[in-house]
Amino acid sequence: GQNIDQPTEMTATEGAIVQINCTYQTSGFNGLFWYQQHAGEAPTFLSYNVLDGLEEKGRFSSFLSRSKGYSYLLLKELQMKDSASYLCAGRTGGSYIPTFGRGTSLIVHP
Amino acid sequence: DAGVIQSPRHEVTEMGQEVTLRCKPISGHDYLFWYRQTMMRGLELLIYFNNNVPIDDSGMPEDRFSAKMPNASFSTLKIQPSEPRDSAVYFCASSLEGDRGQPQHFGDGTRLSIL
């Protein structure tokens, strides 16, 4: 299978930093995406990693370790509007079609 | 720039009725995907097309579900007959060629309720 595992829910305080982890099966890896989905809306693209290391985009960064089958999304200076579900989607098994994890529901409180 | 357009946004119908969901992908995108999202199962890929040709329909739950893409700018997902367990949000997404990390662009979804 192409199991994508991520925590179900996380909570954090406004202004803080939160790290959302994602693990995947390493066989035939072809890249990993992170999407944000607000309640009642469509997923929107945040980041893509295919090489090891950290990709930074403003308050959001994404990290990948191919040897460990591990990625994380780092959100800095949290704002209330960051409350959403964060979906990890991995392309594994030699496929270029991503498989989505169940998503991590992030709740940011004052 | 027009994104992926889905219709209808909401559909409420009775069990046994035929349901047709529609999608217009972003112009120039090679791939079109149909997903179903529920609290229990998350975002599931039902079927995807490449250049209007169905490539993988292994996610289609059963024969009651069918999808077509008659041209590059239109696709339908049909459920006949519909059942209450089909209630979910159905998303259509499109993307450019997949091997360069091109992200999927999602439509706003169709919220389907089968009574």
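Since this is a predicted model, take the numbers as computed values, not measurements. (Residues numbered from 1 in each chain as written. Chains lettered and ligands numbered in written order. Predicted model: local features only at pLDDT ≥ 70, side-chain atom pairs only at ≥ 80, totals over all residues. Heavy atoms only, no water.)

### Things to note about the overall build of chain A
Thinking step 1. For chain A, the count of helices and strands is zero helices and 11 strands.
Thinking step 2. Starting at the N terminus, the α and β elements of chain A follow one another as β-β-β-β-β-β-β-β-β-β-β.
Thinking step 3. A globule of 110 residues ought to have a C-alpha radius of gyration of about 13 Å, and chain A, at 13 Å, matches this closely.
Thinking step 4. Each principal axis of the C-alpha atoms in chain A carries an extent, and together these give about 45 × 30 × 20 Å.
Thinking step 5. Per-residue burial for chain A yields a buried fraction of 47% across its 110 residues.
Thinking step 6. Excluding contacts between residues fewer than 6 apart, the proportion of contacts in chain A whose partners are at least 24 apart in sequence is 55%.
Thinking step 7. Accessible area for chain A stands at about 5,100 Å²; split by element, carbon and sulfur atoms hold 49% of it.
Thinking step 8. Computing the positive centroid from 8 side-chain charges and the negative centroid from 9, chain A places the two 6 Å apart. (Helix = DSSP H or I, 4+ residues; strand = E, 2+ residues; numbered from the N terminus. Rg over C-alpha atoms; globule rule 2.2 N^0.38 Å. Buried < 20%, exposed > 50% of the residue type's maximum accessible area, 1.4 Å probe, protein only. Contact = heavy atoms within 4.5 Å. Areas by Shrake-Rupley, 256 points an atom, 1.4 Å probe, with all protein chains shown as cover. Lys, Arg positive; Asp, Glu negative; His and termini not counted. Charge placed at Lys NZ, Arg CZ, Asp CG, Glu CD.)

### Section: the state of the cysteines
Thinking step 1. Tallied over the full model, the rule gives two disulfides over all chains.
Thinking step 2. Across a sulfur-sulfur distance of 1.9 Å, Cys22(A) and Cys88(A) are joined as a disulfide pair. Taking the sign of the S-S torsion, about -70 degrees here, the bridge from Cys22(A) to Cys88(A) comes out left-handed. Residue Cys22(A) is found in strand β3 (residues 18-24), and its partner Cys88(A) is found in strand β9 (residues 84-90); the two are separated by 66 residues along the sequence. Side by side, Cys22(A) and Cys88(A) carry an identical accessibility label, which is buried.
Thinking step 3. Across the disulfide from Cys23(B) sits Cys92(B); the S-S distance is 1.9 Å. One quick way to see it: the torsion about the S-S bond of Cys23(B) and Cys92(B) is about -70 degrees, and its sign makes the bridge left-handed. Taken together, the residues span a long stretch of sequence, with Cys23(B) in strand β3 (residues 19-24) and Cys92(B) in strand β9 (residues 88-95) at a distance of 69 residues. There is no split in this pair, since Cys23(B) and Cys92(B) are both buried. (Disulfide = S-S within 2.5 Å.)

### Side note on the sheet that holds strand β1 (residues 5-7) of chain B
Residue and element names in this part refer to chain B.
Thinking step 1. Read across the open sheet, the four strands follow the order β1-β3-β8-β7; overall the sheet is antiparallel. Looking at which strands have only one partner, the edges of the open sheet turn out to be β1 and β7 (65-71). Each strand axis lies, on average, 15 degrees off the axis of its neighbour in the sheet, ignoring direction.
Thinking step 2. Relative to strand β8 (residues 74-79), β3 runs antiparallel, the two being bridged by five bridges. The residue bridging Leu21 from the neighbouring strand is Leu77, located in β8. (Pairing = 2+ DSSP bridges. Axes fitted to C-alpha atoms, helices over the stretch in contact; angles between N-to-C directions.)

### As for the pairing of strand β4 (residues 32-37) of chain A
Residues and elements named next belong to chain A.
Thinking step 1. Burial analysis of β4 places six of its six residues in the buried class, which makes it a mostly covered element.
Thinking step 2. With burial as the criterion, each face of β4 is covered, one bearing Leu32, Trp34 and Gln36 and the other bearing Phe33, Tyr35 and Gln37.
Thinking step 3. Pairing of β4 with strand β5 (residues 44-49), which is carried by five bridges, proceeds in the antiparallel orientation. For Tyr35, the partnering residue across the bridge sits in β5 and is Phe45.
Thinking step 4. In this structure, the hairpin formed by β4 and β5 is closed by a connection of six residues, where Gly40 is found at a positive phi of approximately 80 degrees.
Thinking step 5. One ladder, built from six bridges, connects β4 with β9; its direction is antiparallel.

### Regarding the pattern of salt bridges
Residues and elements named next belong to chain B.
Thinking step 1. Scanning the model with the defined rule gives 12 salt bridges over all chains in all.
Thinking step 2. Residues Arg9 and Asp108 are paired through a salt bridge, measuring 3.8 Å at the closest nitrogen-oxygen approach. Separated by 99 residues along the polypeptide, Arg9 in the loop between β1 and β2 (10-13) and Asp108 in the loop between β10 (105-106) and β11 (110-114) bring together distant segments of the chain.
Thinking step 3. Via salt bridges that share partners, Glu62, Arg64, Glu83, Arg85 and Asp86 belong to a single interconnected network. (Salt bridge = Lys/Arg side-chain N within 4 Å of Asp/Glu carboxyl O.)

### Quick notes on the sheet that holds strand β7 (residues 60-65) of chain A
Residues and elements named next belong to chain A.
Thinking step 1. Ordered in space as β1-β3-β8-β7-β6, the five strands form an open sheet in which the pairing is antiparallel. Here the strands that pair on one side only, and so sit at the sheet edges, are β1 (4-5) and β6 (53-57).
Thinking step 2. Looking at chain direction, β6 and β7 are connected through five bridges and run antiparallel. The residue bridging Lys57 from the neighbouring strand is Phe60, located in β7.

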